[in-house]
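The lines below spell out each chain.
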Amino acid sequence: MIYKSTRGLAPEMNVCQAIIKGIAADKGLYVPERFPRLGERPDGSFEEPQALFSRLSKLSYKELAAEVLAPYLPEFSAKELAACIDGAYDGKYSAEEIVPVVKAGGAYFLELYHGPTAAFKDMALQLMPRLLTASMKKQHEDKTVVILVSTSGDTGTAALKGFENVPGTRIVVFFPDGAVSPVQEKQMRTASGSNAKVFSIKGNFDDAQTTQKQILSDPQLAEEMAAKGFTFSAANSMNVGRLLPQIVYYVWGYAQLIAKGALKAGEPCNICVPSGNFGNILSAYYAMRMGVPVKRLICASNKNKVLTDFINTGIYDANREFFVTNSPSMDILISSNLERLLYHLSGDDPAEVRKLMDSLAEDGRYTVPESIRSGLSGLFSAGYAEEDQITDAIGQLYKQEHYLMDTHTAVGYKVWKDYSEKTGDVTPALIASTASPYKFASAIAESIGVSEGTDPFETIENLRKATGIAVPAGLSGLKDRKVVHTEVINRQDMKQRVKTLLGV
Ligand SMILES: *Cc1c(COP(=O)(O)O)cnc(C)c1O
C-alpha cells in the first residue's frame, strides 16, 4: 500500500514514512493509493456482503480494528498491529464495548468519548503514537520526532495524553487563547508529560493551523532541525495515522446496527457527523469506500457553517465572520481534510487539487468543477445549527429520554433531525457522539436547567447530582492538578518558540 500526496509533487511513501512525516513536502496530505475492500480474501475473491457483515457484527472492537486496519498497514505483522491495538484500547475506556451504540431520539448515537480525555480524538490518539513509534523503529529513524499540534481544544488534550512521556518524541501544542472550554484549557495547561509544551496563541484555530503547516513544510527549518537530531510530525488529522483508526468505529457502528436488529446485513445506513476540520466525517467516507453500505453522509456544522455552504453550493468561501460558539471544537473556517475528499472526488487528480488549494491560499475561496460537485451532492447532505438550537436540542432530548448530549453531538442530532424531517428519509442513522457533556459543562447546565457553579468543576458536580451520570475518570481529578503551562504568545512567534524550546 503506497501513500500519495494530494498535490502530487512529494515523494510517495509507505505508511510508516507517511505517519512519521505527517504532512507532505508539497503541503499536500497523504492518502492511500486505493481503498481496500472489507471481506477481501487473500486470493482476491470477496465474502458476500450479508455473510461479511453478519460475521463482522460478532467481532469485538479490537478484533474489528485489526481486520479493518491491516490492509492499510502492510508493514506491520499481525502480531505488531495487535500489540498497538491492545496498548491503545485495553484498560483505557470506561465502556466495556469501547464504543457503545445507544438508541435515543430516533437515532443511534455512536459514543466515541469514553476514553482518557473524554472526546473522540482519543480513539485515534491512543493508537497513533504506538503506530508512530513502531514506524520509527521500522524505518530506523533515530531522530527525536517533534509533534506539532494546533488544536481547537480536544486534539491538544488527547495528543498530550497519547504522547505523554513516549520515548523519542516531543510534543508542542498551540491552542487559541480564550476560545476553548475551561475544562479543555485546564486539561492542556496541566499536561505533565516531561516531553510536553503548551502555548496558547493570540488568534483563532485557523491562525494556529496555518502557521503550524508553514512550520512543518519549511525546508530550511527542517535542515536546521535535522542537524540537531530532530524531525517534525503532526498529530492533527492532516496525519493519515489519525484518520485510519477513525475508520474502524464507522464499520463498528454499522455492525452494531446489525447486531441490534436495526438493519439487516447489507442494508444501508445514514451517518451524521458534527464536523470542523472534516477528519471525522472523512473517515466515515473511507469506511463507505471500503464497503460499508451508506446512503447519505450528513455533515453538521455550527454557526461557522463554511462546510454547509460548500456542500450545498460547491463554493468554499472562508472569507466570512468567525464565531466563537458553545461547540468550540468546531469553530473552524479552513477544514484541512476537505483536501483529501477533493482529491478522491476528482478521480485522484493532484493538478485539480493544487488549483483549488492555490485559490484557497490566495483568495480564501474556490469553486469546484461540476465533476466534484456531482460527486459531493450524490453522497453528502449538510446543515447547521445555531447556538440556541443546540441548547434546545440538548434540553429536549434530556427531558424526553434522559439522554444527555454534549454541544457538538447536539449539532449532529439537530442537523440529522432537520434532514429527516425535510426529506422523509427514515434510514437508520448513526450520529457521531464526539465528546462527554461534562467537557462543556456550562452550556449543558444551561440547556437542562441546572444552576452553574462558581467554577467549571462545581458546575460539573451540580450536573452529576442532577443527572446521576458518572463523571469521566479523566475529568474527575482535574480540579486539583497543577497548572504548568501558562504562556500566551503571538502566532508570528510560534516558529521561534519551537526553535528556542528545542535549542535549534
Ligand atoms: C474535533 C472535534 C470535532 C470536529 O471533528 P473534525 O474531525 O475536526 O471534523 C467535533 N466535536 C468534537 C467534540 C471535537 O473534539
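Further up the page is the structure itself.
In this report, the structure presented in the accompanying data block is examined. Keep in mind the model is a prediction, meaning the values are calculated, not measured.

Reading guide: rules and limits
- Residue numbers run consecutively from 1 along every chain, following the written order of its sequence.
- This being a predicted model, a pLDDT of at least 70 is required before a residue's local features are given, and a value of 80 or more before pairs of side-chain atoms are given or counted; all residues contribute to the totals for chains, interfaces and linings.
- The basis for every side-chain value is the complete set of heavy atoms in the structure, and neither hydrogens nor water enter the calculation.
- Labels follow the DSSP assignment, with helices taken as runs of H or I lasting at least four residues and strands as runs of E lasting at least two, numbered in each case from the N terminus.
- Throughout, the radius of gyration refers to the C-alpha atoms, and the reference size of a globule is 2.2 Å times the residue count to the power 0.38.
- Throughout, exposure labels follow a simple rule: accessible area from a 1.4 Å probe, protein chains only, divided by the maximum for the residue type, with under 20% read as buried, over 50% as exposed, and the rest as partly exposed.
- The method behind every accessible area is Shrake-Rupley, applied with a 1.4 Å probe, and residues are considered shielded solely by the protein chains displayed.
- His is not counted here, nor are the chain ends, while Lys and Arg score as positive and Asp and Glu score as negative.
- A single reference atom marks each charge: NZ on Lys, CZ on Arg, CG on Asp, CD on Glu.
- Residues belong to one nonpolar core when they are buried, are Ala, Val, Leu, Ile, Met, Phe, Trp, Tyr or Cys, and are joined through side-chain atoms within 4.5 Å.
- The criterion used for residue contact is that any of the two residues' heavy atoms lie within 4.5 Å.
- In these notes, residues near a molecule or strand are those with any non-hydrogen atom within 4 Å of it.
- Side-chain atoms alone can form a polar contact between residues adjacent in sequence; in general such a contact is a pair of N or O atoms within 3.5 Å, and within protein one must be able to donate a hydrogen while the other accepts it.
- In this analysis, the protein atoms alone were mapped onto a 1 Å grid. Cavities are point sets where a 1.4 Å probe fits without being able to get out; pockets are open sets with protein on both sides within 12 Å along at least five of seven lines; lining residues have an atom within 4 Å of a point.
- Molecules are considered to sit inside a cavity or pocket once more than half of their atoms lie within 2 Å of its grid points.
- Throughout this entry, Asp, Glu, Lys and Arg are counted as charged residues, while Ala, Val, Leu, Ile, Met, Phe, Trp, Tyr, Cys and Pro are counted as nonpolar. The remaining residues, Gly among them, count as polar.
- Grid points are joined across faces, edges and corners, and a volume is the space filled by probe spheres set on the points.
- A strand pair is defined by DSSP finding two or more bridges across the two strands.
- Inter-axis angles, ranging from 0 to 180 degrees, are taken between N-to-C directions of lines fitted to C-alpha atoms, where helices are fitted over the stretch in contact.
- In the sections that follow, a salt bridge refers to a side-chain nitrogen of Lys or Arg positioned within 4 Å of a carboxyl oxygen of Asp or Glu.

Helices and strands together make up the secondary structure of the protein, namely 22 helices and 15 strands. Computed over C-alpha atoms, the radius of gyration of the protein comes to 21 Å, within 12% of the 23 Å expected from 2.2 N^0.38 for 504 residues, which places it in the range of a compact globule. Overall size of the protein, expressed as C-alpha extent along the three principal axes, is 60 × 60 × 45 Å. Residues classed as buried in the protein amount to 61% of the 504 residues present. Surface exposure of the protein reaches about 18500 Å², of which carbon and sulfur atoms provide 48%. Side-chain charges of the protein comprise 54 positive and 58 negative groups, with the mean position of each set lying 2 Å from the other.

Glancing now at the nonpolar core. Counting 117 residues, the largest nonpolar core has Y285, Y366 and F380 as its most contacted members. Of all the elements, helix 11 (residues 240–259) adds the most residues to this core, at 12 residues. Not counting chain neighbours up to four residues away, the residues in contact with Y366 comprise F310, G314, I315, Y316, L338, L342, L356, M357, S359 and L360. Within the second largest apolar cluster, 38 residues are counted, among which are A385, Y403, V450 and F457.

Bringing the site of the ligand into the picture now. Near the ligand lie 15 residues; those nearest to it are K121, D154, G276, N277 and N280. Here an oxygen atom of the ligand sits 3.0 Å away from a polar atom, N or O, in the main chain of F278. Contact between the ligand and G279: an oxygen atom at 3.2 Å from a main-chain N or O atom of the residue. Here the ligand loses 97% of its free accessible area of 380 Å² to cover by the protein chains. Its atoms largely coinciding with the cavity grid, the ligand occupies the largest cavity. Of the residues assigned to the shell around the ligand, the class counts are 5 nonpolar, 8 polar and 2 charged.

Bringing empty space enclosed by the protein into the picture now. Under the criterion given, the structure shown has 3 cavities of 30 Å³ or more. Taken together, 28 residues form the lining of the largest cavity, with F120, K121, G276, N277 and S329 sitting closest to its centre. Broken down by secondary-structure element, the contributors of at least two residues to the lining of the largest cavity are helix 7 (154–162), helix 11 and helix 12 (279–289). Per-element tally for the lining of the largest cavity: the top contributor is helix 12, with 3 residues. Classifying every residue of the lining of the largest cavity gives 9 nonpolar, 16 polar and 3 charged. For the second largest cavity, the full set of lining residues is S152, P176, A179, N204, F205, F322, P328 and D331. Grouping the amino acids of the lining of the second largest cavity by side-chain chemistry returns 5 nonpolar, 2 polar and 1 charged.

A separate point is the sheet that holds strand 5 (residues 144–150). Within the open sheet, the 5 strands sit side by side as 8-5-6-7-15. Their pairing is parallel. Of all strands in the sheet, those with a lone pairing partner are strand 8 (230–234) and strand 15 (488–490), marking the two edges. Strand-to-strand twist across the sheet, computed as the mean angle between neighbouring axes with direction ignored, equals 30°. Here 6 bridges tie strand 5 to strand 6 (residues 169–176), and the two strands are oriented parallel to one another. Across the sheet, V145 pairs through a bridge with T169, a residue of strand 6.

Let's shift gears to the sheet that holds strand 14 (residues 429–433). Strands sit in the order 3-4-14-9-10-13 across an open sheet of 6 strands; the sheet is mixed. Every other strand in the sheet has two partners, leaving strand 3 (101–104) and strand 13 (380–384) as the edge strands with one partner each. Geometrically, the sheet is characterised by an average inter-axis angle of 25° between neighbouring strands, direction not taken into account. Looking at chain direction, strand 9 (residues 269–274) and strand 10 (residues 294–301) are connected through 5 bridges and run parallel. Counterpart to V273 in the pairing with strand 10 is C299. The sheet strands contacting helix 12 are strand 9, strand 10, strand 13 and strand 14, and the helix crosses strand 10 at an angle near 175°. Of the strands in this sheet, strand 4 (107–111), strand 9, strand 10, strand 13 and strand 14 are in contact with helix 18 (residues 407–423), which crosses strand 10 at around 125°.

Attention shifts here to the pattern of salt bridges. On inspection of all chains with the given rule, the structure shows 23 salt bridges. Here D86 and K62 are joined by a salt bridge, their closest N and O atoms 2.8 Å apart. Within this pair, whereas D86 is found in helix 4 (residues 78–89), its partner K62 is found in helix 3 (residues 61–69), the two being separated by 24 residues in sequence. Of the residues examined, D86 reaches a relative accessible area of 32% and is grouped as partly exposed. Given a relative accessible area of 24%, K62 falls into the partly exposed group. The salt bridge involving K439 is made with D154; its shortest N-O contact spans 2.6 Å. A residue pair is termed long-range when its members are at least 10 positions apart, and K439 in the loop between strand 14 and helix 19 (441–448) and D154 in helix 7 qualify at 285 residues. On the basis of relative accessible area, K439 is assigned to the buried category, the value being 1%. Residues participating in the shared-partner salt-bridge network are E47, R55 and E67.

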